[in-house]
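The lines below spell out each chain.
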Amino acid sequence: MRRNAALFRHAGTALAYNKNVEHLLLCGPFAAALSPFFNKFAPNASIDVYQGKEFNEADFSFLENNAVCSLTKEQYDFIAAPLYIMYLPPSSLATFLWDCYDALSNNGILYLSFSDAVASNFGMADHPSWYSDEMLKLKFYPLADMLSSLDAVGFVIKDIQIDHCDVFDRVVTVILMKNLK
C-alpha cells in the first residue's frame, strides 16, 4: 500500500470539504486498507466498509457488525470510492452513482478516483494486476464521459486532480458534492 500511496493522495483533501463527517462509507478493494487513514482524519465518524464479494460485484450491500445492510437515503456525510469504479462493468456504473447520490446527506461528499481512458471503449478487459500476478477485469472510463455522468446524476464538482503515476498512466480524482438546490 505504501508504494502506491500516490494513488490516494487526494483522499485527505476530500475530507476538508465536509468538516462535520459523522457517517463515512469506504467502497472498493482498498476500503479496508484505507479505513485507518480515514479514522485518523475523521476520528469521531462511524466508518462502514464495503469491499464486495468480488471486485466486479455491483450489489451495494455491505457488512456492518457482521450483519448485511443496504444503503438508505441520506445515510452518509462522506463516501470514498478510490479506484473502485474501474472494477464496475458499464452496466453497473450508473446504478452505483445514483446509489451514492441517494445515500449522501445534503452537502455530502463523494470522493472518486479512477484511471483515465484516452478514448471510449466498451466492456471490461483483462489488465495485469499492480499488486499480484493475476489478471484483473477492469474498465477505464474517459474523464469526459465520467463528468457527463456525474453531472446527469446531479453532483456538483468541487475539485478535479489529474496525476501521472507508475501504476496507471493517469489517475483522476474527482471530489463531488450532493447539493439540493
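Now for a description of the structure that goes with this document. (Residues numbered from 1 in each chain as written. Predicted model: local features only at pLDDT ≥ 70, side-chain atom pairs only at ≥ 80, totals over all residues. Heavy atoms only, no water.)

So, about the overall build of the chain. The secondary structure content of the chain amounts to 4 helices and 10 strands. The N-to-C order of helical and strand elements in the chain reads α-β-α-β-β-β-β-α-β-β-β-α-β-β. Sequence-distant contacts, at least 24 apart, represent 67% of the contacts inside the chain between residues at least 6 apart. Of the accessible surface of the chain, which amounts to about 9100 Å², a share of 50% is contributed by carbon and sulfur atoms. (Helix = DSSP H or I, 4+ residues; strand = E, 2+ residues; numbered from the N terminus. Contact = heavy atoms within 4.5 Å. Areas by Shrake-Rupley, 256 points an atom, 1.4 Å probe, with all protein chains shown as cover.)

Close contact between helix 3 (residues 90-103) and helix 4 (residues 143-153) brings their axes to 10 Å; oriented N to C, the two are set at 45°. Judged by the inter-axis angle, helix 3 sits oblique to helix 4. Seen from above, helix 3 lies across helix 4 with right-handed handedness. Across from Leu-93, Leu-97, Trp-98 and Tyr-101 in helix 3, the residues of helix 4 making contact are Met-146, Ser-149, Leu-150, Ala-152 and Val-153. Among the residues making up the contact of helix 3 with helix 4, the classes are represented as 8 nonpolar, 1 polar and no charged. (Axes fitted to C-alpha atoms, helices over the stretch in contact; angles between N-to-C directions. Parallel < 35°, antiparallel > 145°, perpendicular 65-115°, else oblique. Left-handed = near helix turned anticlockwise from the far one by under 90°. Nonpolar A, V, L, I, M, F, W, Y, C, P; charged D, E, K, R; others polar.)

Across all of its chains, the model carries 6 aromatic pairs by this definition. Seen in terms of ring centroids, Phe-37 and Phe-38 are 5.2 Å apart; in terms of plane orientation they differ by 90°. Their pairing is edge-to-face. A relative accessible area of 0% places Phe-38 in the buried class. Consider the rings of Trp-98 and Tyr-101, whose centres lie 6.3 Å apart with planes at 75°: the pair is edge-to-face. Of this pair, Trp-98 and Tyr-101 both sit in helix 3, 3 residues apart, which is roughly one turn of that helix. What links up through ring pairs into an aromatic cluster is the set Phe-37, Phe-38, Phe-41 and Phe-78. Over the aromatic face of Tyr-101 sits the side chain of Lys-178, whose NZ or CZ is 4.9 Å from the ring centroid. (Phe/Tyr/Trp six-rings, centres within 6.5 Å; stacked < 30°, edge-to-face > 60°. Buried < 20%, exposed > 50% of the residue type's maximum accessible area, 1.4 Å probe, protein only. Lys NZ or Arg CZ within 6 Å of the ring centre and 35° of its normal.)

Turning our attention to the sheet that holds strand 5 (residues 76-82). Pairing is mixed across the open sheet formed by 6 strands, whose spatial order is 2-1-5-6-10-9. Edge positions in the sheet fall to strand 2 (46-50) and strand 9 (155-164), since each has one partner strand and no second. Strand after strand, the sheet turns through a mean of 15° between neighbouring axes, direction not considered. Sheet topology places strand 1 (residues 23-27) next to strand 2; 5 bridges connect them, and they run parallel. Following the sheet pairing, Leu-25 is matched in strand 2 by Asp-48. Docked against the sheet, helix 3 engages strand 1, strand 5, strand 6 (104-115), strand 9 and strand 10 (170-178), running at close to 150° with respect to strand 6. Helix-sheet contacts for helix 4 involve strand 6, strand 9 and strand 10, and the interaxial angle to strand 9 is about 160°. (Pairing = 2+ DSSP bridges.)

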